[in-house]
Amino acid sequence: MEIKDPQTVYDKRKRKLFKNWYYLTVLQIAQYVLPFIPIPYLVRVLSPEKFGLVAFAIAMSQFFAVFVEYGFSYSAVKRIAIHKNDKEKITEIYSSALIIKALISLALTAVFIALVHFIPRINEESTVFTFAFLMVFADIFFTTWFFQGIEKMKYIAYLTVIMEVLYVAAIFIFIRKEEDYIFVPLIEAISSFAIGIISIIIIHKVFGVKFRLQPFERIKYHFKNSWHYFISDFASNAYTSASVFILGFIAGNAVVGFYRAALSILFPMKALFEPVVQAAYPYMSKVASESKERAIHFLRSYSFAVAAASLAVSVMLFFGSDIIVRFFLGAQYEHSAVILKIMSIAPFLYTLNMIFCMHIMYPFGMKVNFAKITAWSAIISFALIPLISFKYQDIGMASIMVIGELYISVMAYKYIHAKGFTFFTNKSKNS
């Protein structure tokens, strides 16, 4: 019987970790950087009012998509990583996730129909909102969690790059005048469908994993298992899309346009550090169960550097917001610079929260606690909307986003510190 050298196994995991980081970086560029390319063009072709209307419609679909995703980007990744050598188990997880996502999408269709019928602003532009809502169905086939769980990210990474390049090209080709605004969400929906369907084909043809109907008890199990992950994901991400969606009801389309334009710059900055954190999540899920000391050592080796780098980005955004907005968006979006300056600390706080969540609290069995923290953050954020945003509109929304991220950072750090993880020091109480 061959005895494997623990160091060799560890080195192989580190090489796989680097590959995951690389492909997740490619994926993040495809999802956040490439879609930014047509933004300077769109804000000049469309007026702030029409750009804001499109942002309003897409924000609605993104808000609904958080429900459809239902935390599988965490729960399914973890379970597939644990059972990656058991095809039968992977088929169960994969099929159950698709079934749950489809059922949630159907339920949301009823909500959308009610919005179209009873909300005048949506009814008047029902075509735009219908095209945007197609993205909710496209999200059923969003299976990045599968590729991340089996640590084979190259397929979805390169596929997403190709489709996003085609999306960018389509924007420049088909959006030539302001009246073409209705086609922006349609182009995005078609791109999302293409990525999802082709990824399903790859999963079938390359990995031999086929969709199979699952017993009700299995579906119920995976629904319950993903609940706390969904709460955390909802609290962390729903406000971002919900803020644009809600702003569409309490302010004019131009205000939404200024706010969304600022977010279009902020999102790529926030996304810079997601690959570094996400790539290590399957690795940390396994190492945490094998050696807590090794996991803590791994955290100490990079956490300070990642946090420092994200802080540098936040500082750059704060001091350079006026120049950045003027260069990318033009003089008519000068107000967006104020919003960007307020939200400039978000990349730093968001990176901290991802590290606390995905590398400590989830791998070490604290998912319920993180869910509670993020749930309270969401409650506080939404409670502040009528107190702040009704009066201060986009400025209020930007401030609430920072407050929500800061609350998660402070409370998560306090909790893990109490559990013995002295994060930025040389010693851990439990090491």
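Just so you know, these numbers come straight off a predicted model, no measurement behind them.

What follows concerns the overall build of the protein. The secondary structure content of the protein amounts to 19 helices and zero strands. Buried residues in the protein amount to 57% of all 431 residues. If you take every contact in the protein between residues at least 6 apart in sequence, the share linking residues at least 24 apart comes to 85%. About 18700 Å² of surface is accessible on the protein, with carbon and sulfur atoms providing 67% of the total.

Turning next to the nonpolar core. The biggest cluster of nonpolar side chains holds 148 residues, and the ones touching the most others in it are Phe64, Trp145, Phe146, Tyr259 and Met343. Setting aside residues no more than four positions away along its own chain, Met343 makes contact with Tyr259, Ala262, Leu263, Leu266, Ala398, Met401 and Val402.

As a further point, take the packing of helix H13 (residues 253-271) against helix H19 (residues 367-418). Viewed as axis vectors pointing N to C, H13 and H19 meet at an angle of 30°, and their least axial separation amounts to 9 Å. As far as their axial angle goes, H19 and H13 are roughly parallel. Listed contacts from H19 to Val255, Phe258, Tyr259, Leu263, Leu266 and Lys270 of H13 are Gln393, Asp394, Met397, Ala398, Met401 and Glu405. Across the contact of H13 with H19, the residue classes tally to eight nonpolar, one polar and three charged.

Once that is clear, we can look at the environment of Phe348. Structurally, Phe348 is set in helix H18 (residues 346-361). Apart from residues lying up to four places away in sequence, Phe348 is in contact with Ala307, Ser310, Leu311 and Ser314.

Here the focus is the pattern of salt bridges. Counting across every chain of the model gives seven salt bridges. Here Arg212 ties to Glu88 by a salt bridge, and the two come within 2.4 Å at their closest N and O atoms. Linking Arg212 in the loop between helix H10 (183-205) and helix H11 (216-225) with Glu88 in helix H5 (residues 87-118), this pair joins segments that are 124 residues apart in sequence. The class for Arg212 is partly exposed, based on a relative accessible area of 37%. In this structure, Lys101 engages Asp139 in a salt bridge whose closest nitrogen and oxygen atoms are separated by 3.6 Å. Here Lys101 is found in helix H5, whereas its partner Asp139 is found in the loop between helix H7 (126-138) and helix H8 (144-149), with 38 residues between them in sequence. Take Lys101 and Asp139: they sit in the same class, and that class is buried. Put simply, Glu69, Lys101 and Asp139 are held in one network by salt bridges that share partners.

Overall, the predicted model of the protein reaches an average pLDDT of 83, with 90% of residues at or above 70. No element of the protein has a lower mean pLDDT than helix H1 (residues 6-33), at 66, and none a higher one than helix H17 (residues 334-342), at 94. Taken as a whole, residues 426-431 scores under 50 in pLDDT and shows 18 contacts with residues more than four places along the chain or in a different chain.

Each pair of packed helices can be summarised by the angle the axes make with each other and by the distance between the axes. Direction vectors running N to C along H5 and H11 enclose 80°, while the axes themselves pass 9 Å from each other. Taken together, H5 and H11 sit at an angle that is classed as roughly perpendicular. In this structure, H5 contributes Lys89, Glu92, Ile93, Ser96, Ile99 and Ile100 to the contact, and H11 contributes Arg218, Ile219, His222 and Phe223. By residue class, the composition of the contact of H5 with H11 is five nonpolar, two polar and three charged.

Criteria and cut-off values
- Residues numbered from 1 in each chain as written.
- Predicted model: local features only at pLDDT ≥ 70, side-chain atom pairs only at ≥ 80, totals over all residues.
- Heavy atoms only, no water.
- Helix = DSSP H or I, 4+ residues; strand = E, 2+ residues; numbered from the N terminus.
- Buried < 20%, exposed > 50% of the residue type's maximum accessible area, 1.4 Å probe, protein only.
- Contact = heavy atoms within 4.5 Å.
- Areas by Shrake-Rupley, 256 points an atom, 1.4 Å probe, with all protein chains shown as cover.
- Core = buried A, V, L, I, M, F, W, Y, C linked by side-chain atoms within 4.5 Å.
- Axes fitted to C-alpha atoms, helices over the stretch in contact; angles between N-to-C directions.
- Parallel < 35°, antiparallel > 145°, perpendicular 65-115°, else oblique.
- Nonpolar A, V, L, I, M, F, W, Y, C, P; charged D, E, K, R; others polar.
- Salt bridge = Lys/Arg side-chain N within 4 Å of Asp/Glu carboxyl O.
- pLDDT = per-residue confidence, 0-100.

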